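Here's the letter readout for the chains.
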Amino acid sequence: MTTADQAATGRTVTTNIPARLDRLPWSRWHWTIVIGLGTVWILDGLEVTVVGNIAGRLSEPGSGLPITSGEVTGLAAALYVAGACTGALFWGRLTDKWGRKKLFMITLAVYLAATALTAVSFSTWWFFAFRFLTGFGIGGEYAAINSAIDELIPAQYRGRVDLMINGSFWLGAVGGSLLSIVALDTSVLPKDVGWRLTFALGAVLALVILLVRRHVPESPRWLLIHGRDEEAERIVTSIEERVAAEKGTKGERLPEPEGEITIHQRRSVSFLEIARTVFSDYRRRAVLGFSLFIGQAFLYNAITFGFGAILTKFYDVPTGSTGYYFAVIAIGNFMGPLLLGKLFDTVGRRVMISSTYLLSGLLLFGTAWLFDQGSLNAATLTACWCAVLFFASAGASSAYLTVSEIFPMETRAMSIAFFYALGTAAGGISGPMLFADLTGTGKVGDTVLAFQIGATLMCLAGLVAAALAVRAERRSLEDVARPLTAAGPGTSAQAAGVRAA
């Protein structure tokens, strides 16, 4: 069996493993990947939404914490995002070095522990510290999970599956919204207990996902590059046997794989090589990635953390009822990637990415104008946001899809981490802080300004996508971005397995 140490000596292999994975028809095995890996975004949605909705209750006397609503939606939200950015960079490097599976197990365990300790917060500093650490775990998930998903899902389904999984964040948001209604009902739970149970439930769900995730294999593509080609071969053969058995009962046969690639195996890639690859060799793609992430990060982190505060501040919606409104826009958010996702694989990436960003930005400008005119109430504002976020959600999910597929295999997790961290730091940390200040004044004009800033960034990102988006639909990852370890062009469509050179 080839080991990582042997790979460091310069061993070369020729393989059709990527082609074998890409030619597989959709099967029950692929659903296990979606469930095992994708469900973590439900936890992220639960976390973010719960914190936004319980802000009012946490600031009330008797909650058990001496904290203000602005600190929850501003400082605590920013710390959560800062933790996610830091975690993305820290874990992203290890994901490329140690493998996808090891890291998506570790990062989920970190999230589980941190959110459980948030539930027992006894002081403001404790709450802030474990909000940061919860984000630290979630940030690592973004790099590890998106890398694994793209490398395991067939090329013709990659776009819609990636969007659907990233969009499942909003299923968690729906659950968080409804859960907060129960948690904030003082006739059901005391003020100092209900909000704690919401975080405890997140820890329980994480434990269940952790148990399911044990059955998800390591990425054969990662194994191949890191000198473990025999292990990669066993995994792919096992997957093929399962899929073939399922399709065989229907009288179907697996299509033949097309193409092979020669890999010069190596143990790791230096930071210098990653930086040169991303910012020099692929600088147009880097501009695209930053634009998409900054636009969606500001919009989503600002509004997600602040929507409940807008309802209570401007429309006198009781803190215990904001969850109903948020559940509505969360459903709209999930429906966007669900209904539009297939178009990213058929109509194409460039048209769909640019149009979803531009449409959401233009609709948000319209919402800001109506809000400024006093033409909206709590229900109609929610309806407007539902329309905005239907398109914005598909666009935001496509940002993760984009940076996970347009850079070489060896830099994939670190590229996701770079763009997520830097884009989210620009929009996700400054967004909640700025938005909390603007909405906190109680002035309509300040909130309108926040809406307009978000809309402008989304429109600008849409224009960048129209010019620079990569036509990656239905193409193998190796075709979209040639691996740094590729030693020569693929020549044969008949190779089976791996041959050592």
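Predicted model only: the values in this text are computed from it and were never measured. (Residues numbered from 1 in each chain as written. Predicted model: local features only at pLDDT ≥ 70, side-chain atom pairs only at ≥ 80, totals over all residues. Heavy atoms only, no water.)

A. A look at the overall build of the protein. When its secondary structure is counted, the protein shows 20 helices and four strands. When burial is assessed residue by residue, the protein has 60% of its 501 residues classed as buried. A sequence separation of at least 24 residues applies to 87% of the contacts in the protein between residues at least 6 apart. (Helix = DSSP H or I, 4+ residues; strand = E, 2+ residues; numbered from the N terminus. Buried < 20%, exposed > 50% of the residue type's maximum accessible area, 1.4 Å probe, protein only. Contact = heavy atoms within 4.5 Å.)

B. The arrangement of the packing of helix α15 (residues 322-346) against helix α16 (residues 349-372) in detail. Relative to each other, α15 and α16 sit at 140 degrees, their axes nearing to 7 Å. Here α15 lies oblique to α16, going by the angle between them. Packed against α15, whose contacting residues are Leu340, Leu343, Phe344 and Asp345, the element α16 presents Arg349, Met352, Ile353 and Thr356 at the interface. Partitioned by chemical class, the residues of the contact of α15 with α16 number five nonpolar, one polar and two charged. (Axes fitted to C-alpha atoms, helices over the stretch in contact; angles between N-to-C directions. Parallel < 35°, antiparallel > 145°, perpendicular 65-115°, else oblique. Nonpolar A, V, L, I, M, F, W, Y, C, P; charged D, E, K, R; others polar.)

C. Representation of the packing of aromatic side chains. This model, assessed by the stated rule, comprises 28 aromatic pairs. Relative to Trp125, the ring of Phe122 lies with its centre 5.9 Å away and its plane at 90 degrees, an arrangement referred to as edge-to-face. Here the two residues Phe122 and Trp125 agree in accessibility, since each one is exposed. Between the aromatic rings of Phe132 and Phe136, the centroid separation amounts to 6.5 Å while the plane-to-plane angle is 20 degrees, which identifies the pairing as stacked. Linking Phe132 with Phe136, this pair stays in helix α7 (residues 124-152), spanning four residues, or about one helical turn. Taken together through their ring pairs, the aromatic side chains of Phe279, Tyr282, Phe290, Phe407, Phe418 and Phe419 make up a single cluster. (Phe/Tyr/Trp six-rings, centres within 6.5 Å; stacked < 30°, edge-to-face > 60°.)

D. Structural view of the confidence of the model for the protein. The predicted model of the protein has a mean per-residue pLDDT of 83, with 87% of residues at 70 or higher. Low pLDDT, under 50, characterises residues 1-9; the predicted model gives this stretch 21 contacts beyond four residues in sequence or across chains. (pLDDT = per-residue confidence, 0-100.)

E. Region of interest: unusual backbone geometry. Positive phi values are uncommon outside glycine, yet Asp316 reaches one of about 55 degrees. Tracing the backbone through its elements, the reader meets Asp316 in the loop between α14 (283-315) and α15. Judged by relative accessible area, Asp316 falls into the exposed class, the value being 66%. Look at Arg474: it is not a glycine, yet its phi comes out positive at around 60 degrees. Looking at the element boundaries, Arg474 is found in the loop between α19 (444-468) and α20 (477-480). With a relative accessible area of 47%, Arg474 lands in the partly exposed category.

F. Here's a closer look at α7. Between its terminal C-alpha atoms α7 stretches 42 Å, which fits the 42 Å expected from 29 residues at 1.5 Å a residue. Among the 29 residues in α7, 25 count as buried, and that is most of the element. (Expected span 1.5 Å × (residues − 1).)

G. Spatial organisation of the pattern of salt bridges. Across all of its chains, the model carries 16 salt bridges by this definition. Residues Arg160 and Asp345 are paired through a salt bridge, measuring 3.0 Å at the closest nitrogen-oxygen approach. In this pair, Arg160 is assigned in helix α8 (residues 158-167) and Asp345 in helix α15, connecting sequence segments 185 residues apart. The exposure class of Arg160 is partly exposed, given its relative accessible area of 24%. The network of salt bridges with shared partners includes Arg158, Arg160, Asp345, Arg349 and Glu405. (Salt bridge = Lys/Arg side-chain N within 4 Å of Asp/Glu carboxyl O.)

H. Seen up close, a nonpolar patch on the surface. Together, Trp31, Ile35, Leu201, Val204, Leu205, Val208 and Val212 line one region of the surface with nonpolar side chains, adding up to about 570 Å² of accessible area. Elements supplying a minimum of two residues to the nonpolar patch: α3 (28-38) and α10 (191-213). Take the nonpolar patch: its biggest share by element is five residues, from α10. As for its placement among the helices and strands, Ile35 is situated in helix α3. (Patch = residues over 30% accessible without salt bridge, like charges linked within 9 Å, V, L, I, M, F, W, Y side chains within 5 Å. Areas by Shrake-Rupley, 256 points an atom, 1.4 Å probe, with all protein chains shown as cover.)

I. Broad picture of the packing of helix α9 (residues 169-183) against α15. Between α9 and α15, whose axes approach to 8 Å, the crossing angle comes to 170 degrees. With respect to α15, the axis of α9 lies roughly antiparallel. Along the contact surface, α9 presents Trp170, Leu171, Ala173, Val174, Ser177, Leu178, Ser180 and Ile181, while α15 presents Gly323, Tyr324, Phe326, Ala327, Ala330, Ile331, Asn333 and Phe334.

J. Structural view of the side chain of Ser168. With respect to the helices and strands, Ser168 occurs in the loop between α8 and α9. Setting aside chain neighbours within four positions, we find Ser168 in contact with Gly38, Trp41, Ile42 and Phe334.

K. Molecular detail of the environment of Leu362. Along the chain, the position of Leu362 falls in helix α16. Look at Leu362 and you get exposed, because its relative accessible area is 55%. In the structure, Leu362 is positioned 94 residues away from Thr456 in sequence and 8.5 Å away in space, judged by C-alpha atoms.

L. Here's a closer look at α15. For α15, with 25 residues, the first-to-last C-alpha span of 38 Å sits near the 36 Å given by 1.5 Å per residue. Where α15 bends most, the angle comes to about 40 degrees, and this point is Leu340. Positive phi shows up at Gly348, right after α15, with a value of about 120 degrees. (Bend = angle between axes of the 7 residues up to and from the residue.)

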